[in-house]
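# Inside the fold
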Amino acid sequence: MARVTIIDIAREAGKSYTTVSRALSDHPRISLATKERIRETAARLGYSPNMMARSLVEKRTHTIGLIATELSNPVRSELIEALRQQVCASGYQLLVSGYQDEDELSSRIRDMMGRQVDGLIVGKIAGALEEKDFWPDLESALKQDIALVAFSRATSSHIDCLCIDYVAMARTLTEHFIHQHGFRSVWYLGVDSRTVRQRGYFAAMRAAGLDSAKRQFLLPARDMQTARDAICELLQREKKPEAILCHNDIIAIGVMNGLRKCGYRVPEDIAVAGIDNHQISSFFNPALTTVGVAPERVAETMMNLLEARLGRKNQSSAVAVHLPFETYFRESCGCCLNNEKE
């Protein structure tokens with residue numbers, strides 16, 4: 001079946017091509033009655049707009065790109081869905097791509113530029129932008145008038161940035177273990193010695209006068225099974241800690257599963273906490289102590305920053321928006337609060 005065109009609608013409705021085109025674009029010179037008649041005709045014929053033609057005329061694709069790491073992480077999935085809803089509500093479509101290292105990030109940015117996205121959100125480019133004054137591919141994107149937002153900890157005077165203080169998150173939970181529960185032996189279970197979260201752990205341990213040199217352990221992967229197997233192996237050769245702070249909730253859940261498998265009780269034998277506040281954390285048994293920012297709030301802030309820059313509406317200096325986090329003290333750390341948010 002041939003694609004329905006504006007010419008077909010015009011013939012069926014008895015109107016000119018120009019009138020139909022303007023009516024479908026909600027032109028103010030076309031009466032409401034004519035618009036409704038033409039829209040009814042278009043719907044009856046099964047018409048769908050030619051987005052490529054529309055993009056050529058408007059010089060916009062009505063797409064927003066997102067480039068992020070760990071797309072398989074359920075926390076990232078929550079954020080992507082929240083962002084998709086925000087993007088669609090603003091009349092755009094979301095195009096998602098992932099990367100694992102800086103070379104791939106550069107390639108993904110060029111891919112998005114080739115697809116002529118109107119706006120681009122790039123996640124976790126802190127390392128690249130801290131080491132270099134400006135990422136060349138992002139500079140090229142700016143020259144093409146692509147609205148840009150960096151997510152996490154990027155430091156650049158050129159790009160708007162949404163910042164979340166993961167150092168403070170980790171420090172808050174470590175201090176909670178130390179000061180609220182009196183734990184002196186606290187492990188940190190991470191995935192990469194370059195991540196910022198462990199800085200908060202080290203700062204809290206150092207401030208309390210506690211040794212952390214041999215209490216940080218790195219996993220070869222970020223999944224639950226790796227965490228489960230790793231904690232059982234660690235406890236066979238290391239002295240049992242009083243508490244474990246995990247890089248994220250996924251690792252924390254794997255650790256709790258591994259502790260149960262090895263015969264340890266959480267939190268009676270070993271307390272556990274994670275970071276990110278994944279939605280499953282409150283349903284796990286015991287409920288997981290964690291910290292995070294609601295994905296809906298992150299997505300809304302991202303889209304607000306982008307919309308301010310789309311179409312060069314705002315050409316002022318770049319801004320950095322710092323989102324406050326919320327801490328949830330639950331059963332896994334030894335807390336049993338009726339109101340879990342503090």
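Conventions and cut-offs
Residues numbered from 1 in each chain as written. Predicted model: local features only at pLDDT ≥ 70, side-chain atom pairs only at ≥ 80, totals over all residues. Heavy atoms only, no water. Disulfide = S-S within 2.5 Å. Helix = DSSP H or I, 4+ residues; strand = E, 2+ residues; numbered from the N terminus. Buried < 20%, exposed > 50% of the residue type's maximum accessible area, 1.4 Å probe, protein only. Phe/Tyr/Trp six-rings, centres within 6.5 Å; stacked < 30°, edge-to-face > 60°. Core = buried A, V, L, I, M, F, W, Y, C linked by side-chain atoms within 4.5 Å. Contact = heavy atoms within 4.5 Å. Pairing = 2+ DSSP bridges. Axes fitted to C-alpha atoms, helices over the stretch in contact; angles between N-to-C directions. Salt bridge = Lys/Arg side-chain N within 4 Å of Asp/Glu carboxyl O. Parallel < 35°, antiparallel > 145°, perpendicular 65-115°, else oblique. Nonpolar A, V, L, I, M, F, W, Y, C, P; charged D, E, K, R; others polar. Expected span 1.5 Å × (residues − 1). Polar contact = N/O pair within 3.5 Å; in protein donor to acceptor, adjacent residues only side chain to side chain. pLDDT = per-residue confidence, 0-100.

Counting across every chain of the model gives one disulfide. Linked covalently through their sulfurs, Cys232 and Cys262 form a disulfide whose S-S length is 2.5 Å. Taken as a pair, Cys232 in helix H11 (residues 224–237) and Cys262 in the loop between helix H12 (249–261) and strand E9 (271–273) lie far apart in primary sequence, 30 residues in all. Since its relative accessible area comes to 33%, Cys262 is described here as partly exposed.

Another point: the packing of aromatic side chains. Scanning the model with the defined rule gives four aromatic pairs in all. On the basis of an interplanar angle of 55 degrees and a centroid distance of 5.3 Å, the ring pair of Tyr201 and Phe202 is categorised as tilted. Here a set of aromatic residues connected by ring pairs shows up, and it is made of Tyr188, Tyr201 and Phe202.

This next bit is on the nonpolar core. Ile64, Phe177, Leu245 and Val298 are the most contacted members of the largest nonpolar core, which has 46 residues in total. If near-sequence neighbours (up to four positions away) are discounted, Val298 is found in contact with Leu79, Phe151, Leu162, Ile164, Val293 and Leu323. Ile231, Leu235, Ile270 and Val272 belong to the second-largest nonpolar core, a separate cluster that totals 23 residues.

Another aspect to go through is the sheet that holds strand E8 (residues 243–246). With parallel pairing, four strands are arranged side by side in an open sheet as E7-E6-E8-E9. Looking at strand neighbours, the two that pair on one side only are strand E7 (216–218) and E9, the edges of this open sheet. In this sheet, neighbouring strand axes are inclined to one another by 20 degrees on average, regardless of whether the strands run parallel or antiparallel. Examined bridge by bridge, strand E6 (residues 186–190) and E7 share three bridges and lie parallel to one another. Counterpart to Gly190 in the pairing with E7 is Leu218. Across the sheet, helix H10 (residues 197–207) lies against E6, E7 and E8, angled at about 170 degrees from E6, the strand it touches most. Sheet contacts for H12: E6, E8 and E9; angle to E9, the most-contacted strand, approximately 160 degrees.

Attention now goes to the pattern of salt bridges. All told, the structure shown has 17 salt bridges when counted by the stated rule. Here Arg11 and Asp8 are joined by a salt bridge, their closest N and O atoms 3.3 Å apart. Residue Arg11 and its partner Asp8 are both found in helix H1 (residues 6–13); the two are separated by three residues, about one turn of the helix. The class of Arg11 is exposed, set by a relative accessible area of 61%. Glu238 is the salt-bridge partner of Arg237, the closest N and O atoms lying 3.0 Å from each other. Through salt bridges with shared partners, one network takes in Asp26, Lys35 and Arg39.

Right, let's get into the packing of H1 against helix H2 (residues 17–24). Packing of H1 against H2 leaves a shortest axis separation of 9 Å and a crossing angle of 110 degrees. Classified by the interaxial angle, the pair formed by H1 and H2 is roughly perpendicular. Residues Ile6, Ile7, Ile9 and Ala10 of H1 pack against Tyr17, Val20, Ser21 and Leu24 of H2. Of the residues in the contact of H1 with H2, the class split is seven nonpolar, one polar and no charged.

The terminal C-alpha atoms of helix H5 (residues 74–89) lie 23 Å apart, and with 16 residues this matches the ideal 22 Å at 1.5 Å per residue to within 8%. All of the buried residues along H5 are Val75, Arg76, Glu78, Leu79, Ile80, Ala82, Leu83 and Val87. At the N-terminal end of H5, a side-chain oxygen is found 2.9 Å from the backbone nitrogen of Val75, two or three residues along, and the residue is Asn73. Once H5 ends, the next one or two residues include Gly91, with phi positive near 90 degrees.

This part covers the side chain of Ser106. Its location among the elements puts Ser106 in helix H6 (residues 102–114). Of note is the side chain of Ser106, whose polar atom sits 2.8 Å from the side chain of Arg110. Here Asp137 takes part through its side chain, which lies 2.3 Å from a polar atom of the side chain of Ser106.

A word on the packing of H2 against helix H3 (residues 32–45). Direction vectors running N to C along H2 and H3 enclose 90 degrees, while the axes themselves pass 9 Å from each other. As summarised for this structure, H2 and H3 are arranged roughly perpendicular, according to the angle between their axes. Taken together, the residues of H3 that come into contact with H2 (itself represented by Thr19, Val20, Ala23 and Leu24) are Thr34, Lys35, Ile38, Arg39 and Ala42. By residue class, the composition of the contact of H2 with H3 is five nonpolar, two polar and two charged.

Here we take up the confidence of the model for the protein chain. When the pLDDT values of the protein chain are averaged, the result is 86; 89% of them are 70 or greater. This model gives residues 337–342 a pLDDT under 50, and the stretch forms 11 contacts once residues within four places in sequence are excluded.

On to the environment of Ala318. By the secondary structure assignment, Ala318 is in the loop between helix H13 (295–309) and strand E11 (320–322). Take Ala318: its relative accessible area is 26%, and that puts it in the partly exposed class. Ala318 sits 169 residues away from Val149 along the chain, and the two C-alpha atoms are 9.4 Å apart.

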